[in-house]
Structure formats: structure tokens, C-alpha cells
Amino acid sequence: MGAIDLPKSPNVFHPEKPSAVGSRNSLAQEYRDQQAEVNLLLEEETNKVIHHLTAKLPKDVLERLDVMGSLKEKLYNYFNQNYQNMFNRYMVTTEDEMVKKIRNFIDKEETKVLTRYTPKEIAEILDAVGGADKFNTGEIEKSLVNMYGHLQGHIQRGVNELETHTNSILRQKTDTGAFVRGENAYSIVKCAFKDNQFKPKTVTDVKLSVNILDSELISPIFHYQVTVEYLVKDLIAKHIIDSIDKLIEQIKDERIDNGQEELSDSEVIFTKLGKVEVFTDDNTDEAKSKRYTFMAKTLMERLHDLRAEIDPEAFDALNIRENIKKIIDMENIRNRGFNTAINSITAILDTSKMGYQYIENLKNGREVVIREYEDTDPANLPDERYSVKMRYFDNAQLIEDRKAYDVQLKSFETEVQHLWDILEVIYEDKKPMFKITDFKDLAKKNKDRIRKVIKDKTGEPLYEDIAKVWDEISYVKSAETEVERSNRTYIYEKDRIRTRIIRMRDRMKKMYDFLYPIERRVMEERLVWLEREYYRFDYMINPYHLQPGILLDVDITSIKRKKATLDAMANVLNEFLHGVSKGFQDAAFASFSRRRSTVREDINQSFSSMSDEEPSVEAVAPKPRAIPAPKPASRAPAKKGVVDSKSKKKPVRGGGSGLAEL
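Owing to the predicted nature of the structure, the values given are computational and were not obtained by experimental measurement.

Caption draft 1: Representation of the overall build of the protein chain within the structure. For the protein chain, the helix and strand inventory stands at 20 helices and six strands. Taking all contacts inside the protein chain whose residues are at least 6 apart in sequence as the whole, residues at least 24 apart take part in 66%. Summing over all exposed atoms, the protein chain offers an accessible surface of approximately 44,500 Å²; the carbon and sulfur share of this is 56%.

This is the structure we're talking about:
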């Protein structure tokens, strides 16, 4: 087949012309009936969703949903508009690019074998003259890779939007599951949907807090104030861990070569623990100890307490510590991780058309604030807006935040208790002297009668003489253990404050009814202010629930029926988490790089036994090391033409075909 036989695509952009750039029709598809194929696909997918709904939902809900009408049409339209256009145009573009590459390759090869004088192509001449390091096409290849990467990113973003819209239609509401997808749900610390304070019927406020741990970050983040000594020790520690992992892999390979069983999870852990002493020790005074194998003790002492900045009066460019610091700074280890996270979130916001008017990057504090609008007054802001606050903190910062949180909650308890006491005193003073107002008055009036008629006969103590453990506000709190003391949730204390606020409001209504004296106005103003500040405090994140790492705090305001900012921010967060975080990793599951269950002879599925005349693979391939011969099988050889799937022989490295090891 020559190059003339392949269809040449026009160098034009058109949505309908066959094989044009961006077209949905391709000459490589040989004019197949695409519309019939797409209709069959859409009909099948839509019927699957409808069948799933009819099988899961109750009958009375199905009658109200009108399953065969509007819902089916919506699903069909979403599949048709998004999936068909994106997938078909991507496939057409890919096919046309392959056709062009094959055509150009055939042209080039046929030109070489022609029996007439043909000068070499300019690229080949340049390559022959300049060598591999000059006149190369590396930059052009990088550009092509970037273009295809951006194309794939746009397609993935479109698929994510389609998934979000489809989930929203099926749920018929917006919840946390539609906001953050399942693979990132573990990182959520707090997610709360609540009605907007000014427009509760039409606008919703969303608070989302995501905690990315240090161990999950692709690029580690360090504080600006961290010492150079800490950075060097962290690099050495990572090198030691990598060396131990390589040593464990060698041990695993040797056990497999000797036909032994693989190490179990616990054996791998204990083996790693035992190999730590091979690379380091705790002897900090001896210069020849193992901990100073990678960097001498004298150099470590030079770096003691050396931070990001050196006093200009003590700076000397020829000193050892200045040169070591310069090497570390050139690698940009101190700022690399935080700058990568900022570049990631800002780039994703830009490509997702989520512009922002205000950004404050506190580089030394490892904190960045991004707001869609500069103004912070909710009365002057539109109903579609967002703000993002990203902060990196270590364990020392968390300890201080927890102390401040303790003090703030205790202050709320004191203020609410003070207002409670004032209201209680005013209530008691306003009660008539000889009139029963509440249960306490009734009990006081009948106290003597109860003692004479009942308690004197039974010998039981009076109600007033029994110690009251329950305060009738919240249930009795159980004793704290070390877990509660180290990780305080404050659920009990917050419920007490919330209950007191509700009861004080009800008591004021019963006390004053439609009267508004100065006492009531003052107490109500104080109660409203305390309630607003308390709920704002409760809306914040409890630092006891956080771990060292990145905290991404997002506040979103979106119209309930529109949800434009909500859906766009969902895609931004999922893409950011995918680019910055490695995600949750199960170390025990990931340790099975090669399982014995996948190294078996029956995977080859040979249909005939090897004859004596045919040379075996073991005889042809050279053996790098001595391998113990396998024991002969006690059963009869496999019949010719039958798949042997019951082999019990232990596998031998190097034997069999390339499928012996997956």
C-alpha cells in the first residue's frame, strides 16, 4: 500500500468535513453510520440508568418522578451533548493524526529506495553535521507532548463535569458526595451546607475543609524558618529509607530464587526495623559512628542552628556553612513544596475560568488567601462567590491552636453562664410571693405534706436532701480517658451551650410575653450577639481533628438552582488533590509487588509438551547463576492439545516464556 492510497486530510478546521481538524467525521472510518451507532449507545446507557432507578426506588417515588418522561429525556440529552461530542471528536482527531503519520512514514521510506538521485532531507543533513546534541527536535517534541497533555486535561475536565451533573440529576439535591468524589473523601475534615443568612430560600453557603497530611504530599513542604541542619537530616533519612527498601527487595528476590516462600507483611516490617542499625545509630558524640557516614560530624556542627537567613555582619562567602547552605538553597528544598502547591491551585483556577480579584501570599508564614472578590462585606457581594485559604502547619502550630481553641470555648461557657445567671435572678424576682408559677413553687408548697404523709412512713430521704447529679440541661458526662484528653471533640460542651441559648430565649418569651422592658431588650441583644458569635466559632475547624500538613479551607456561596460556583469548585478541588496529594496508600497492599500466586507455569497455557528433539528455553538461554532443579512431578505428563492448569511445581526464575513473571 503506497502513500497515494491513504486519504490526505485537508488542513482546515471544520466540524463536518471528513478528516478536518476538529471534525466529527473521519475518512478512516469508511463512512460508517455513526448516528445509528451513537443512538444505540445512548439508548443502552439511558435504559441502564432508568432500570437501576426502577429497581432501587419505591413505587410511590417512581410515580412522582415520571421515570418514562422528563428524567429519561434529561439523561439522554446529557449523554448526547457531552459524551458523544467529546469522545467522537477525540477519536476522529486521533485517527486522522495516525493516518498522517503513517502516510508521511511511507512517503519517506519510498523516497529512500527510489532509483533516482534524491538529496537527503534537511533534518538528516543537520543531524549528520551537528550530531545528536545539535539541530535536534527536542523542543518541538516537548511542545507536541504539552499540546496532547492539555488536550487530555480538557477532556478529563469535561468528563468530570459530566459526572458531576449526572450525579446531581440522580440525587435531585446537592450534598457532600456530589461535591467531593469518593477517592478524595477521606481527606475531608469538615463539610457543612447551610442556608445563607440574608437569602436562606435561594442561596446556600458551603464550608469545606480538606487536610492533606505530610506523608501524602507529592512534594514535601517545609517552614521557611526551618534550620539547614533539619533539611540535611531529612534528606539523609530519606536516603536511608530508600536504601533499606532496596535491601528488602534484594532479600525478596533471593528468597524467590531459592524457592522459598515470600516474606509476610509482619516479616517485612521486622526485617526493615532490623536493617536500620546497618545505616545509622544513636551515637552523636563519636565522629566515626554510622550516623555520620553520609555527612561528617564536623560539617553537621557547622550547620547547628543555621536558618534561612544569615546575619550580614557574620556572612563570609568562603566559610563552610555558607557554601553548604548555598548548595541546599540551590536545590530549593525549603520553598519547593509550598510554591508547587500555590502554582497548582492558581493554575487550576485560571484554566477552570474561576478568576480571583484578591490573592495574598504569606510566603514566610506558609499561608495563601484567594478570594474571587476583594470586598469582604456579604451585603455588597454577589450570590455566586468563593474564597480559598490554604495553610501549612506543623505539630508545634497545632498545639498552640488547640490551646487557643480551649480558651475560646471556655470563654463562651463563661459568658453564656453569666447571662443564664442574670436571667435566673430576674425570673425569681418577678415571681409572685403567694402564687404557684412553676414546678419549683409547687414542690416547695407540698414539701411538708410529702414528708409527713409519705417519707416518714417509708424512711426515705426527701427530694431536697438528695444530691442532684443531673442538671436537666445535658446528660451526665462520662469520665475522660487518655484518648479524649488528647483529642477533645467538645461535643458535650457545645451541646450544653446550644441548649442554654435555646432555653434562655424560650424563658424570655414566657416571662415578658408581648412586653419589651429595658431588661428584656438588653438581654435579647446580648443573647443574639452571643448566639451569632458562638455559631461562627462552631463553624470553624476544631484543631484537635487536624494533623500536620496542608489545610485547604474553602467557603462557597452559590445559588441553589444554579450551583455554578459549586460545580466548578468541585472540579477544581478534585484536580488540585490529584496534582498535590499522593492519596491514601495502604502500605501492606502496596508491598505485594510480585505475588507467588501470579508466578505459575499454568499461566503459559501450553497446548503441547516439549519434545525431546526441540531445544528447551533453559538450554538456549544462558543461566546467570546456579538454580536448584525442580523436583520431578509425580503425575503423568499433560495430554497433547489440552491446557495444563493444574501444575503444582514451584516456578523457576528464567524458565519458560516471558509470561512466567507478570
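Caption draft 2: How the structure looks around the packing of aromatic side chains. Scanning the entire structure with this criterion turns up eight aromatic pairs. With a centroid separation of 6.0 Å and 75° between ring planes, the pair formed by F412 and Y534 is classed as edge-to-face. Of this pair, F412 sits in helix α12 (residues 395-430) while Y534 sits in helix α17 (residues 518-539), placing them 122 residues apart in sequence. Within the aromatic cluster, the residues linked to one another by ring pairs are Y405, F412, Y490, Y534, Y535, F537 and Y544. Directly above the ring of Y539 sits K194, whose terminal nitrogen or CZ lies 4.2 Å from the centroid. When the ring centre of Y358 is taken as origin, the NZ or CZ atom of R371, which lies over that ring, is 4.0 Å away.

Caption draft 3: Region of the structure containing the sheet that holds strand β5 (residues 385-393). In space, the six strands of this open sheet follow the order β1-β2-β6-β5-β4-β3, with antiparallel pairing throughout. Strands at the two margins of the open sheet, each flanked by one partner only, are β1 (188-195) and β3 (358-362). With direction set aside, neighbouring strand axes in the sheet form an average angle of 5°. As judged from the 11 bridges shared by strand β2 (residues 203-213) and strand β6 (residues 549-559), these two strands associate in the antiparallel manner. Its bridge partner lying in β6, D205 is registered against T557. Running at roughly 10° to strand β4 (residues 367-371), helix α11 (residues 333-351) makes contact with β3, β4, β5 and β6 of the sheet.

Caption draft 4: Inspection of a nonpolar patch on the surface at higher detail. On the surface, I140, L144, M147, Y148 and L151 cluster together into a nonpolar patch covering about 480 Å² of accessible area. Here L151 lies in helix α5 (residues 138-171). For L151, a relative accessible area of 33% translates into the label partly exposed.

Caption draft 5: Region of interest: unusual backbone geometry. Positive phi, close to 60°, is recorded for N332, a residue that is not glycine. Relative to the helices and strands, N332 resides in the loop between α10 (320-330) and α11. One non-glycine residue, D513, adopts positive backbone phi at about 55°.

Caption draft 6: Highlighting the nonpolar core. Formed by 32 residues in total, the largest nonpolar core has its most connected members in L349, M390, I550, L552, V554, M569 and F576. Among the secondary structure elements, those contributing two or more residues to this core are β2, α11, β4, β5, β6 and α18 (564-580). Ranked by residue count, the leading element in this core is α18, at eight residues. One finds V416, L527, F537 and Y544 within the second-largest nonpolar core, a separate group that totals 23 residues.

Caption draft 7: Geometry of the pattern of salt bridges. Enumeration according to the criterion identifies 35 salt bridges in this entry. Note that E480 is salt-bridged to K477, the shortest N-O span being 3.5 Å. What you see here is one network of salt bridges that share partners, running through E424, E428, K431, D438, K440, D441 and R507.

Caption draft 8: Fine view of the packing of helix α7 (residues 228-257) against helix α8 (residues 265-279). Running from N to C, α7 and α8 point in directions that differ by 125°, and their axes come no closer than 10 Å. In terms of their interaxial angle, α7 and α8 are classed as oblique. The interaxial crossing formed by α7 with α8 has right-handed handedness. Two secondary-structure elements touch here, α7 through I240, S243, I244, D245, L247, I248, I251 and K252 and α8 through V268, T271, K272, K275, V276 and F279.

Caption draft 9: Representation of the environment of Q417. Note that Q417 resides in helix α12. Considering only alpha carbons, one finds Q417 and I497, 80 residues apart in sequence, at a separation of 8.6 Å.

Caption draft 10: Region of the structure containing α11. The terminal C-alpha atoms of α11, which comprises 19 residues, lie 28 Å apart, in line with the 27 Å expected from a rise of 1.5 Å per residue. Every buried residue of α11 is listed here: I333, R334, G337, F338, A341, I342, S344, I345, T346, I348 and L349. Note on α11: the residue one or two positions beyond its end, K353, has a positive phi of about 60°.

Caption draft 11: Layout of the pairing of β5. With respect to burial, β5 is a largely interior element, seven of its nine residues being buried. Bridge analysis of β4 against β5 gives five bridges, and the strand direction is antiparallel. In the sheet register, R371 faces β5, and the bridge partner there is S387. The sheet contact formed by β5 and β6 spans nine bridges and is antiparallel. Bridged to M390 within β6 is L552.

Caption draft 12: Representation of helix α16 (residues 491-512). Here α16 spans 32 Å end to end across 22 residues, near enough to the 32 Å set by a 1.5 Å rise per residue. Burial in α16 covers these residues: E493, K494, R496, I497, R500, I501, M504, M508, M511 and Y512. Along α16, the residues classed as buried sweep out an arc of 155° about the axis, all on the same side. Exposed and oriented more than 90 degrees from the buried face of α16 are I491 and K510. Looking at the buried side of α16, the elements it contacts are α12 and α17. A positive backbone phi angle near 55° is found at D513, which sits one or two residues after α16.

Caption draft 13: Spotlight on the environment of T284. Examined against the element boundaries, T284 turns out to sit in the loop between α8 and α9 (297-302). With 13 residues separating them in the primary sequence, T284 and K297 have C-alpha atoms 8.4 Å apart. Non-local contacts of T284, meaning those with residues more than four positions away in its chain, are made with R291, Y292 and K297.

Caption draft 14: Spatial organisation of the confidence of the model for the protein chain. When the pLDDT values of the protein chain are averaged, the result is 77; 77% of them are 70 or greater. Confidence, read as mean pLDDT per element, is least for helix α20 (residues 617-620) in the protein chain (40) and greatest for β4 (93). Counting interchain partners and residues more than four positions distant, the pLDDT-below-50 stretch residues 591-662 has 66 contacts.

Caption draft 15: Structural detail: the side chain of E216. Tracing the sequence through the fold places E216 in the loop between β2 and α7. As a buried residue without a salt bridge, E216 has its nearest oppositely charged side chain in K582, at a separation of 9.1 Å. The residues touching E216, leaving out its near neighbours within four places in the chain, are Y186, N211, V580, S581, K582 and G583.

Conventions adopted
Residues numbered from 1 in each chain as written. Predicted model: local features only at pLDDT ≥ 70, side-chain atom pairs only at ≥ 80, totals over all residues. Heavy atoms only, no water. Helix = DSSP H or I, 4+ residues; strand = E, 2+ residues; numbered from the N terminus. Contact = heavy atoms within 4.5 Å. Areas by Shrake-Rupley, 256 points an atom, 1.4 Å probe, with all protein chains shown as cover. Phe/Tyr/Trp six-rings, centres within 6.5 Å; stacked < 30°, edge-to-face > 60°. Lys NZ or Arg CZ within 6 Å of the ring centre and 35° of its normal. Pairing = 2+ DSSP bridges. Axes fitted to C-alpha atoms, helices over the stretch in contact; angles between N-to-C directions. Patch = residues over 30% accessible without salt bridge, like charges linked within 9 Å, V, L, I, M, F, W, Y side chains within 5 Å. Salt bridge = Lys/Arg side-chain N within 4 Å of Asp/Glu carboxyl O. Buried < 20%, exposed > 50% of the residue type's maximum accessible area, 1.4 Å probe, protein only. Core = buried A, V, L, I, M, F, W, Y, C linked by side-chain atoms within 4.5 Å. Parallel < 35°, antiparallel > 145°, perpendicular 65-115°, else oblique. Left-handed = near helix turned anticlockwise from the far one by under 90°. Expected span 1.5 Å × (residues − 1). Arc of directions from axis to C-beta. pLDDT = per-residue confidence, 0-100. Lys, Arg positive; Asp, Glu negative; His and termini not counted.

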